[in-house]
Protein chains: 2
Amino acid sequence: MPLTEDRAVQATRVTISDVADAAGVTKGTVSRALNDYPDISEATRTRVLRKAKQMGYQPLAQAQAIKTGRTRTIGLVLQTDIPGAQRPFLSDFLAGLSQTASDASWTMTVATSAGGQEMLTTIKRLVQERKADGFILPRTFANDERVTLLRTLKVPYVLYGRLQDIQDSAWFDILGEEAMRDAVLRLAQHGHQRIGFVNGGSEYNFSRLRAAGFENGMNEARLDIDESLITGDAMTREQGTAATLGMLARSLPPTAIVFAVDMAALGAYDAAEKHGLVIGQDLSLISYDGIPECQWVRPQLTSFRVDSQMAGSRLASLLIRQIRGEDPTTLRESAKAMLWPGGSDGPPRRSPIEIARIVRSGQEHNSCETGGTA
Amino acid sequence: MPLTEDRAVQATRVTISDVADAAGVTKGTVSRALNDYPDISEATRTRVLRKAKQMGYQPLAQAQAIKTGRTRTIGLVLQTDIPGAQRPFLSDFLAGLSQTASDASWTMTVATSAGGQEMLTTIKRLVQERKADGFILPRTFANDERVTLLRTLKVPYVLYGRLQDIQDSAWFDILGEEAMRDAVLRLAQHGHQRIGFVNGGSEYNFSRLRAAGFENGMNEARLDIDESLITGDAMTREQGTAATLGMLARSLPPTAIVFAVDMAALGAYDAAEKHGLVIGQDLSLISYDGIPECQWVRPQLTSFRVDSQMAGSRLASLLIRQIRGEDPTTLRESAKAMLWPGGSDGPPRRSPIEIARIVRSGQEHNSCETGGTA
DNA sequence: TTCGGTTACGAAACCGGTTTCGGCAAGTCT
DNA sequence: AGACTTGCCGAAACCGGTTTCGTAACCGAA
C-alpha cells in the first residue's frame, strides 16, 4: 500500500499536523517534542520523534521563521570590486560552505556588492528580510564596517581572518604567519643568508601577521634583517615586479625573497627575466596562497597553499554553532597552510655581489621567442 | 521627532498591519492593493501604495511563502566535481546573477554538489524546503537529468546553454557557433588556407554547435574542410597538446587551428614549443572562453570572451519572469562572444609543407631557460 | 482524605502575510 | 420602484509552525 493518497505523485509536504495526527497528539506537543522542551515526557518524545522520522517530516524553515525569526540560512556577501580577489578559490570555498551547511539542513544565500556602503545595505536587507541568520565575512579589513554593523544589529557573524581588535568575534584563519616563518626557515636551510620580504596591502589585517611571521623566521634562523629588503603593498603582478626590481637594485641584493601574496610573486618572474636571472637558481622565491598560476609558470612557484574548501567548511560550522547559541569567544579555529613545493626555490647559485654585478651590468636581457611568462 | 517609538534603535520591521492602520484599511485590503487584485479601487490602491512606500514596507518573503509557496529566491546548484570547470567565471557569474536578483528584491541561494544523483537530491531538498522558487542550470548536458526532474516537479528553470531537445525550456546562451565562424573568417582573411579545428567534449551540447559554426565559417570562406584536421574531446591542456601534435604530424599540417575551448588551446603552446614553432607566426590560434590565462601566455591567446556577468544577469531576469508566469518558450535570449585579440593569430609565415618539414626534422627543440609556458 | 505542588499535555493565541466569503452601497435594468 | 448587478472592502479563515496559558492527572505529605 502506498502512503500517498494525494493525486500528485510528488506528494505534498508532510506538515506538523500530519505528524500530530499520526502520533495522536496536538501539533503543539509535536513542536515541543522536536524542539527539546523540558515539559514533554520521555515516552511521548520518542514516540513523536519516531513518527516524524518515519514520515520524513522536515519543518518548513520559513514557517518557523515568522515566529522564531530564524531560517537556518547562512549569508555570504561577496565583494566584486576587488578584481580577481578570491576568484580562483571561490568555487572551493563555496563548496566547503554549502557542504557543511547542507549536512546540517542549512542553506546558503549569497549576495554580491560592489563594496563599502552598498555592501552594508545588502547585509541590512538580508537581515530585514530574514534571508540570513548570520554571516560569513571573508577578507576582513583592519577596521571593518561590516563588523560594526553586525555587532550593533546583534546578528551573528564569523570572520575569515582574525581582526586586530578581536573583541568578541568568532573567527577562522589560516596561519599565514607560520607559513612565512617556515618559508624563511626553508630558505635558510637551502643556505640563503640575505632574504627579502614583500608584503601585501597594509589595509589587510593578514599583512601585519605575515610580516611578524617573517621576522620570527629570520630570528629563529639567526639571520640579520635588513630593513631595506622589506617592502609591502604588493598585491598585483606589476607591484610585485616593481618591488623585486627595487630590491635587486640594492648594492647587496637578496638571493631569496619571501612573498606574502602569490600574485605579487609572479611579478618577480618578470623582474628576474629582465635582468636575465634564473628563478630558483639566481633568485629563490617562496610565496603564499596557492593560486593555480603557480603551476603555470616555469619553474613552478613554491607556495603555501590554502585549503579553501576546508576553510569554508569550518566557517560554516562555526557560524551555525554560534547562531545556535554558543559563545563566540569559544568559536575560534585556525589551520596551517600546506607547502606546495615548486622549482622556484633552491640553494643559491650566486652570491649577492655577483647578482648585484649582473643587475648593474645593465643591458636588458632578451627573452627567447618561444615562451617566457611575460 | 524620530519615528521610532521602540526601544531598539534598529526598529522592528514595519508589517502589513502597520501599513493597514496607517492607511485606515484592513491588512487584507493592503495585501490586495499591493498584489494588484482587480477589486480594489484606484483611489485606495494609490493611497495604500504611497503609505507603504513612505513607511518603507517590504513584505516578509517567508511569511508570504507559507501561503503562496514562493519566496522570491532563485536557486543555483553548482557542480564541484568538474575540476576548474567554471572556476574563473564563477565570481562574475554570481555577481551578474545576484545583482539583477537583488534589483528585483530577489535573493539567491546557492548549493553545491558533487554531481549526478547528489545534485538531484539537493534540488529536491531546496524545492521541498521552499528555498528556491526556480533554478538556473549551468553547463547543460546533451541529456540532462536535472531538466527531467524539474519538469516533472513543475518547477521553473532556465538553462545556460541550449539543449538539443529544447522542448519548452527557457534558455540563455552565448552564440559559440558564431564565434567559431568568425574565427575561421578572421584566419581566412589573414590568408590561411589549411585550418584545423579542435572541439570540446562531445558530451556537452555546445560542442555540436561549435563544430557547425566552424564548418559554416569554412564554407563561407570557400575553404576545403579536411576531416583529418578536425578532432574533439579536448577540454584540458594536455588533451589540447595531444590534439595539436596529432595535426602537426599530418603530411600537410594546418597553418592555423581554431579551438572550442581555451584550456585546450593553451596546450597548443606546448606542442608548438616542442617543435620550435612560433605561435602567431608559424601557427595561428584562435580560441573561445576568454579565461584569464589567455593573457598570461606569450603571445597572448586570441580568444572569444564570454561575458559571464552579463550572462548571469540575463539568466536571473529570464528566470524571474518565468516564475512570475511568463511562457518559457518566449523566454529565450542569446548574445555574442566578444573577440579579444591577442598575438596568437596573424598571417601565415610558413606554408604547410615547410611546417611539415620542420616537424619531421624531428629534433626536440630546447626552450630557453628563462621562461616557456611549459 | 484533603491539600499543595509537579508533570505533561491540550487549547488557543500568535507570527505576517494571503485568500475566501459575504455584505453594503451605488448603479443598472425592467 | 423593486430586483439584479457590480464594485469595493471588512471580517475571518488559513498557511505551518511556535509559544503561552490553563488544567487534568498524578504525586507525596499532612
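Residues numbered from 1 in each chain as written. Chains lettered and ligands numbered in written order. Predicted model: local features only at pLDDT ≥ 70, side-chain atom pairs only at ≥ 80, totals over all residues. Heavy atoms only, no water.

S.K.: Explain the overall build of chain A here, please?
M.R.: Summing up its helical and strand segments, chain A has 13 helices and 12 strands in all. Taking 21 Å as the expected radius of gyration for a compact globule of 374 residues, we find that chain A reaches 27 Å, considerably beyond that expectation. Viewed in the frame of its principal axes, chain A has a C-alpha envelope of about 90 × 45 × 40 Å. In chain A, which comprises 374 residues, the proportion classed as buried is 53%. Expressed as a percentage of contacts within chain A between residues at least 6 apart in sequence, the contacts between residues at least 24 apart total 71%. Carbon and sulfur atoms provide 50% of the accessible area of chain A, an area that totals close to 16500 Å². Side chains of chain A give 42 positive and 43 negative charges; the mean places of these two sets differ by 6 Å. (Helix = DSSP H or I, 4+ residues; strand = E, 2+ residues; numbered from the N terminus. Rg over C-alpha atoms; globule rule 2.2 N^0.38 Å. Buried < 20%, exposed > 50% of the residue type's maximum accessible area, 1.4 Å probe, protein only. Contact = heavy atoms within 4.5 Å. Areas by Shrake-Rupley, 256 points an atom, 1.4 Å probe, with all protein chains shown as cover. Lys, Arg positive; Asp, Glu negative; His and termini not counted. Charge placed at Lys NZ, Arg CZ, Asp CG, Glu CD.)

S.K.: What should I look at first to understand the protein's contact with DNA strand C in this one?
M.R.: By nearness alone, 28 residues border DNA strand C, and A:Thr29, B:Ile16, B:Lys27, B:Ser31 and B:Tyr37 come closest of all. Interatomic distance of 3.2 Å between a side-chain N/O atom of A:Thr26 and a phosphate oxygen of DNA strand C. For DNA strand C, a phosphate oxygen lies 2.7 Å from a polar atom in the side chain of B:Gln64. Of all the secondary structure elements, the ones that give two or more residues to the surface near DNA strand C are helix H2 (27-34) and helix H4 (61-68) of chain A together with helix H2 (27-34) and helix H4 (61-68) of chain B. A class-by-class count of the residues in the surface near DNA strand C yields 10 nonpolar, 11 polar and seven charged. (Near = heavy atom within 4 Å. Polar contact = N/O pair within 3.5 Å; in protein donor to acceptor, adjacent residues only side chain to side chain. Nonpolar A, V, L, I, M, F, W, Y, C, P; charged D, E, K, R; others polar.)

S.K.: How should I be thinking about the environment of B:Thr236 in this particular structure?
M.R.: Residues and elements named next belong to chain B. Its location among the elements puts Thr236 in the loop between strand E7 (230-231) and helix H10 (237-248). On a C-alpha basis, the gap between Thr236 and Ala265 in space is 8.6 Å, while along the polypeptide they are 29 residues apart. Setting aside anything within four residues of it in sequence, one finds Thr236 in contact with Met263 and Ala264.

S.K.: Sorry, what's going on with the environment of B:Ile195 here?
M.R.: Residues and elements named next belong to chain B. Within the secondary structure, Ile195 is located in strand E6 (residues 195-198). Spatially, the C-alpha atoms of Ile195 and Arg349 are 14 Å apart, while their sequence positions differ by 154 residues. Those residues within four positions of Ile195 in sequence are excluded, and the remaining contacts are Val184, Leu187, Ala188, Phe214, Met218, Leu223, Leu229, Pro254, Ala256 and Val258.

S.K.: In this structure, what is going on with the pairing of strand E5 (residues 170-174) of chain A? I would like to understand it.
M.R.: Look at any regular strand and the pattern is simple: side chains alternate between the two faces of the sheet. All names here are of chain A. Counting buried residues in E5 gives five out of five residues, a clear majority hidden from the surface. Every second residue of E5 is oriented toward a common face, with Ala170, Phe172 and Ile174 on one face and Trp171 and Asp173 on the other, all of them buried. In this sheet, E5 lies alongside strand E4 (residues 157-160) in parallel orientation, the contact comprising three bridges. Paired with Val158 across the bridge in E5 is Ala170. Inspection of the sheet shows E5 paired to strand E11 (residues 332-335) by four bridges, in the parallel sense. Bridge pairing in E11 places Ile174 opposite Ala335. (Pairing = 2+ DSSP bridges.)

S.K.: How should I be thinking about helix H8 (residues 176-190) of chain A in this particular structure?
M.R.: Residues and elements named next belong to chain A. The end-to-end C-alpha distance of H8 is 21 Å, a good match for the 21 Å that 15 residues give at a rise of 1.5 Å each. Among all positions in H8, only Gly176, Glu177, Ala179, Met180, Ala183, Val184 and Leu187 are buried. The arc that holds every buried residue of H8, seen down its axis, measures 165°, which confines them to one face. Once H8 ends, the next one or two residues include Gly191, with phi positive near 110°. (Expected span 1.5 Å × (residues − 1). Arc of directions from axis to C-beta.)

S.K.: It is not clear to me how the packing of aromatic side chains should be interpreted in this structure. Could you clarify?
M.R.: This structure, assessed with the given rule, holds eight aromatic pairs over all chains. A ring pair is formed by A:Phe93 and A:Tyr160, whose centres lie 5.5 Å apart and whose planes are at 10°; its orientation type is stacked. With A:Phe93 in helix H5 (residues 87-103) and A:Tyr160 in strand E4, this pair connects stretches of sequence that are 67 residues apart. Pairwise contacts between aromatic rings join A:Phe93, A:Tyr160 and A:Phe172 into one cluster. Positioned above the aromatic ring of B:Tyr204, the side-chain terminus of B:Arg139 is 5.2 Å from the ring centre. (Phe/Tyr/Trp six-rings, centres within 6.5 Å; stacked < 30°, edge-to-face > 60°. Lys NZ or Arg CZ within 6 Å of the ring centre and 35° of its normal.)

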